Amino acid sequence: MKWTEQQIPRQDGRVAVVTGANTGLGFETARRLAERGASVVLAVRDTEKGKLAAARMNGDVSVRELDLTSLESVRAAADGLRAAHPRIDLLINNAGVMYTPKQTTRDGFEMQFGTNHLGHFALTGLLLDLLLPVPGSRVVTVSSTGHRIRAAIHFDDLQWERSYGRAAAYGQSKLANLMFTYELQRRLAAHGTTVAVAAHPGVSNTELTRNTPSVVRRPVTWLAPVITQPATAGALPTLRAATDPSVLGGQYYGPDGLGEVRGHPRLVTSSPESYDVTVQQRLWAVSEDLTGVRFPVGQAAVAA
């Protein structure tokens, strides 16, 4: 049976934090959670845009400033969330940038790696103790089919200081999202309450593509009705990962159509590279060092 938004269970009494929720996939994710009864926090860089987005939603919706390009902002957002909410049921790491020109975050990280991975890594670590006591709590991180394109974790040049390629840097950040999810789930397993899940939206028609090189953007624009799906459909894999009672930790959800470009959400697999436990653990250690954030869950034993 195809999974649709009608299958989203009631979310009454649950607190959901959605990053980048003022537009696109994040907006649609937050909107549906609020409609199902969740108390939803839109964690966004531009709070004025966040307030405009909240005004278009029905339910209990609030706005919190979060700039993932600044670890100072991430820490301030976590402190504010902690003061406002004694528990969190859903943390949805949705915000992201794609194919940006070469630039760095406020902390000197390459923009795509710093925003898509390190910002969310830090936010999750700073909030995780609010999820751990909550049965059924989840951390959902949005990746991309781009994790397969020229993607590797370049430990010898994580910040792309020697050379820079937009697609390869984006692929690294999205591969990091998956590796983070899998390693986090391994560490969470012993606690038995919180799980980590990943999702991807296929090819969705959102603002995320605004930095796509023009030579690619024009054909994509012409073919959009055929090769993309609207944000309302692109958000469904995230919503399933966040709410479906049958979801298990460490799973990955995406569209069921040809090439996972569009369609209804189903369980999918990621690239062979993403399952490399040694690289996952090395990335975790490097991410802790770069962000200064330590998680309240230790490293799990890995079966030989």
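As a reminder, the structure under discussion sits directly above these lines.
These lines cover the structure that appears in this document, whether it is placed above or below. (Residues numbered from 1 in each chain as written. Predicted model: local features only at pLDDT ≥ 70, side-chain atom pairs only at ≥ 80, totals over all residues. Heavy atoms only, no water.)

Regarding the overall build of the protein
1) Next: Looking only at helices and strands, one finds nine helices and eight strands in the protein.
2) Next: A compact globule built from 304 residues should have a C-alpha radius of gyration of about 19 Å, and the protein, at 18 Å, falls within 12% of that.
3) Next: For the C-alpha atoms alone, the extent of the protein along its principal axes is close to 50 × 45 × 40 Å.
4) Next: The proportion of buried residues among the 304 residues of the protein is 56%.
5) Next: Sequence-distant contacts in the protein: of pairs separated by 6 or more residues, those separated by 24 or more amount to 72%.
6) Next: A total of about 12700 Å² of accessible surface is found on the protein, and carbon and sulfur atoms cover 53% of it.
7) Next: Taken as two groups, the 32 positive and 27 negative side-chain charges of the protein have centres that lie 5 Å from each other. (Helix = DSSP H or I, 4+ residues; strand = E, 2+ residues; numbered from the N terminus. Rg over C-alpha atoms; globule rule 2.2 N^0.38 Å. Buried < 20%, exposed > 50% of the residue type's maximum accessible area, 1.4 Å probe, protein only. Contact = heavy atoms within 4.5 Å. Areas by Shrake-Rupley, 256 points an atom, 1.4 Å probe, with all protein chains shown as cover. Lys, Arg positive; Asp, Glu negative; His and termini not counted. Charge placed at Lys NZ, Arg CZ, Asp CG, Glu CD.)

Looking at the pattern of salt bridges
1) Next: Enumeration over the complete set of coordinates arrives at 16 salt bridges.
2) Next: Here Arg87 and Asp89 are joined by a salt bridge, their closest N and O atoms 2.4 Å apart.
3) Next: A relative accessible area of 36% places Arg87 in the partly exposed class. (Salt bridge = Lys/Arg side-chain N within 4 Å of Asp/Glu carboxyl O.)

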